[in-house]
Each structure stands twice: as structure tokens, then as C-alpha cells.
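Chains, contacts and geometry: an overview
Spelled out from the first residue to the last, the chains are:
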Amino acid sequence: RSEQSSLKEHSSVTINASRERTKFQFTYEANSYLFSAMLCICGCAREIDWAPWSLYIIVENSDGKNILDTDTYDQILSGTVLTYRGVDYELELTPETRMMAPAELNGFKIDWGSYYGNILSFGEFDGHEEFDKEVFTIKWPKGASSTITYSRKLNETFISAKEKWTLDGEKCEWPITITLN
């Protein structure tokens, strides 16, 4: 009798363990599908915070020296105007400080001591905005001019932007280097 009751208990434990395993597998699979669905829904509705950008211009003389590093930069650049979307922005020669804020068009200025050195800066623009051959025209004091075009296409899947810059019709890199003679 003890063997029979032991066998009965063992088969009962085996059946219960089998039921628990099946219950566990079902719960695990259901949770996996639920988790996968949540990832898909959340992944499709993600919000991307694109960094603002500015047009950066390095201005060099014919010897390749940055004009902003000279003592006479203000005499050379005084009267420089950038035209964007039909509006003229005169180059501000005096530095101005500001707190970080949302992207806004702050005009045409000198950016002293940037990562790229002393440069001309125009912006800021919203990083989430796309551009198609946007035109920036700079009129230099001695009558010369430079035309910059910019295109930007966003890829939200890979969180990247494809950018294309041209200076006077020739492809160029950012920051843009302009040589004044």
C-alpha cells in the first residue's frame, strides 16, 4: 500500500508540476507579446529633440589668416550684411552674451572663441526643421558678395540629418570658409 500511495503522490506531483509549467509558459508568452507590442507602440511614438544649429563662417584673408584674429577686423568687416529670406541682417561687431534658450534667430554676429575659433555666426535655427536650397547672401564692404545654400533632410528612423552646403555654387563643408581679397 505504501508503494501505491507513494506512486499516486508522485504522479499527482508530476501532473501538478506539468500544469504549473504550462501555466508559466502561457504567462511568459503572453507577457512577451504584451512587452513586444508596448515597444512597438512606444517606439513609433517617440519624440526626438533635435539640436538647434547656426550658420558658421570662417573669414580669412588671402594669406589664409582668420580676419577675426587681427586688430583691424572691425575696419574690414564693418558694413557686412547677410540677407536671409528677404531680410537684411547687419553684422554686429560688438559681442553680446545671452542665456541658452529655445532656438531663435539672433541675427548675424561674431562668435568669439567658439570651438572653430573666432567666426561669424547666423542663427539659431530649429534643429527639427528641414530646408531645401535655403539661400544666405553676404554682401561684403568692398562690393563683393558670397552666396551660401543649405539643404537639410531629416531621417527620424536613424535620428540623423543629411546636409548639403554650397558656397557660390560649389559644394563645401560646414563651417564654411570664405576668403576675402
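About the criteria used
- Residues numbered from 1 in each chain as written.
- Predicted model: local features only at pLDDT ≥ 70, side-chain atom pairs only at ≥ 80, totals over all residues.
- Heavy atoms only, no water.
- Helix = DSSP H or I, 4+ residues; strand = E, 2+ residues; numbered from the N terminus.
- Contact = heavy atoms within 4.5 Å.
- Areas by Shrake-Rupley, 256 points an atom, 1.4 Å probe, with all protein chains shown as cover.
- Core = buried A, V, L, I, M, F, W, Y, C linked by side-chain atoms within 4.5 Å.
- Buried < 20%, exposed > 50% of the residue type's maximum accessible area, 1.4 Å probe, protein only.
- Pairing = 2+ DSSP bridges.
- Axes fitted to C-alpha atoms, helices over the stretch in contact; angles between N-to-C directions.
- Patch = residues over 30% accessible without salt bridge, like charges linked within 9 Å, V, L, I, M, F, W, Y side chains within 5 Å.
- Salt bridge = Lys/Arg side-chain N within 4 Å of Asp/Glu carboxyl O.
- Lys, Arg positive; Asp, Glu negative; His and termini not counted.
- Charge placed at Lys NZ, Arg CZ, Asp CG, Glu CD.

**Details of the overall build of the chain**
Scanning the chain for helices and strands turns up 2 helices and 10 strands. For the chain, the sequential pattern of α-helices and β-strands runs α-β-α-β-β-β-β-β-β-β-β-β. The long-range share in the chain, meaning contacts at least 24 apart out of those at least 6 apart in sequence, stands at 50%. Approximately 12,800 Å² of the chain is accessible, and the part contributed by carbon and sulfur atoms is 53%.

**Re the nonpolar core**
Membership of the largest hydrophobic core comes to 28 residues, with the highest contact counts inside it found for L55, I57, L77, L120, F136, I148 and I178. The dominant element in this core, judged by the number of residues it contributes, is strand β1 (residues 53-60), at 4 residues. Once residues within four sequence positions are removed from consideration, L55 is found in contact with L82, L120, S121, F122, F136, I148, W165, W174 and I176.

**Things to note about the sheet that holds strand β2 (residues 81-84)**
One open sheet holds the 6 strands; their spatial order is β3-β2-β6-β7-β8-β9, and the pairing between them is antiparallel. Each having just a single partner strand, β3 (87-90) and β9 (170-172) make up the two edges of the open sheet. Recorded for the sheet is a direction-independent mean angle of 30 degrees between the axes of neighbouring strands. Note that β2 and β3 share 4 bridges and pair antiparallel. Across the sheet, the residue bridging to V81 is E90, located in β3.

**Some points on the side chain of E134**
When you line up the elements, E134 lands in strand β6 (residues 131-139). Classification of E134 as buried rests on a relative accessible area of 14%. Apart from the residues within four sequence positions on either side, E134 is in contact with Y84, R85, I148, T149 and Y150.

**A look at the side chain of T166**
Summarising the element assignment, T166 is placed in strand β8 (residues 160-167). Residues contacting T166, with those up to four places away along its chain left out, are T147, I148, T149, K171 and C172.

**Remarks on unusual backbone geometry**
The omega angle of the peptide bond from G123 to E124 is 15 degrees, so this bond is cis rather than trans. Structurally, E124 can be placed in strand β5 (residues 117-125). Of note, the bond from W174 into P175 is cis; its omega dihedral lies within 30 degrees of zero at 0 degrees. Counting through the fold element by element, P175 comes out in the loop between β9 and β10 (176-179). In this model, I159 sits at a positive phi of 50 degrees, which is unusual for a non-glycine residue. Looking at the element boundaries, I159 is found in the loop between β7 (145-155) and β8.

**Some words on a positive patch on the surface**
Taken together, the side chains of K133, K162, K164 and K171 make up a positively charged region of the molecular surface. Along the chain, K133 turns up in strand β6. For K133, a relative accessible area of 60% corresponds to the exposed category.

**Describing the pattern of salt bridges**
Throughout the structure, instances matching the rule amount to 4 salt bridges. Of the charged contacts in the structure, one is a salt bridge between R85 and E129, with a shortest N-O distance of 3.7 Å. With a gap of 44 residues between them, R85 in the loop between β2 and β3 and E129 in the loop between β5 and β6 connect regions that are remote in the sequence. Note on R85: relative accessible area 53%, which makes it exposed.

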